[in-house]
Amino acid sequence: MRRAKIKRGAATTDIPGGMTTAPENPYLRDAVMTATPEQLHLMLYDGAIRFCMQARDALERKEYDTSYDKLTRAQNIILEMESALRHDVNPGLSKRMAAVYNFLYRKLIEANVQRKTEAIDDALKVLRIERETWRMLVEKVSRVREGSGNTDERAARDGRIEPASTTISVEG
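From a predicted model like this one, the values you see are computed outputs, not experimental measurements.

Rules and cut-offs
- Residues numbered from 1 in each chain as written.
- Predicted model: local features only at pLDDT ≥ 70, side-chain atom pairs only at ≥ 80, totals over all residues.
- Heavy atoms only, no water.
- Helix = DSSP H or I, 4+ residues; strand = E, 2+ residues; numbered from the N terminus.
- Expected span 1.5 Å × (residues − 1).
- Buried < 20%, exposed > 50% of the residue type's maximum accessible area, 1.4 Å probe, protein only.
- Phe/Tyr/Trp six-rings, centres within 6.5 Å; stacked < 30°, edge-to-face > 60°.
- Lys NZ or Arg CZ within 6 Å of the ring centre and 35° of its normal.
- Axes fitted to C-alpha atoms, helices over the stretch in contact; angles between N-to-C directions.
- Parallel < 35°, antiparallel > 145°, perpendicular 65-115°, else oblique.
- Left-handed = near helix turned anticlockwise from the far one by under 90°.
- Contact = heavy atoms within 4.5 Å.

### Side note on helix α4 (residues 91-114)
Taking 1.5 Å of rise per residue, 24 residues should cover 34 Å, and α4 covers 34 Å from first to last C-alpha, within 8% of that figure. Residues S94, M97, A98, Y101, L104, K107, L108, A111 and N112 constitute the buried set of α4. Looking at the residues trailing α4, positive phi occurs at R115, about 55 degrees.

### Overview of the packing of aromatic side chains
Summed over the entire model, instances satisfying the criterion amount to zero aromatic pairs. Taking the ring centre of F51 as reference, the NZ or CZ of R50 above it sits at 4.9 Å. Taking the ring centre of Y64 as reference, the NZ or CZ of R115 above it sits at 3.8 Å.

### Brief notes about the packing of helix α3 (residues 64-83) against α4
When two helices pack together, their arrangement is given by the angle between the helix axes and the distance between those axes. Axis separation between α3 and α4 bottoms out at 10 Å; the angle between their running directions is 165 degrees. By the angle class used here, α3 and α4 are roughly antiparallel. Both α3 and α4 take part in a crossing whose hand is left-handed. Contact residues: α3 offers S67, Y68, L71, T72, A74, Q75, I78, L79, M81 and E82, while α4 offers A98, Y101, L104, Y105, L108, I109, A111 and N112.

The following block contains the structure:
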């Protein structure tokens, strides 16, 4: 079993399974802790794209250990996004997104096993399209929340109405 060492201050800790943590970054921690679910998903796309680009660069330099680590991190992000799909809310959309995530995962595995930058390039094309789609969604959700949230929140504080949840359609 792989074991990773985590350094906290002067101490180093082994974690089974090879999980590693990044150095403490208070700005990143604050960004994650204050982000909306939509923004968190966008951050996952950013991370997957960043790791794929780093893996591609490492492959070109024939640094296979580094490329393996970066591709594995991107694969883990894809698996996390796939596991977060809510098939009970929208089965059709979830099925289509699962197919996209499956394609991405297979391309990253192919890149890792065959050491092919072309497979990373294929994955990056799709990741960038999906990231742009999510960026537009985040903007749309923000506009809706700003437009309707102010009056609803004020009325809720005054006891005139119950707070309502915001629902955004991503289709059509």
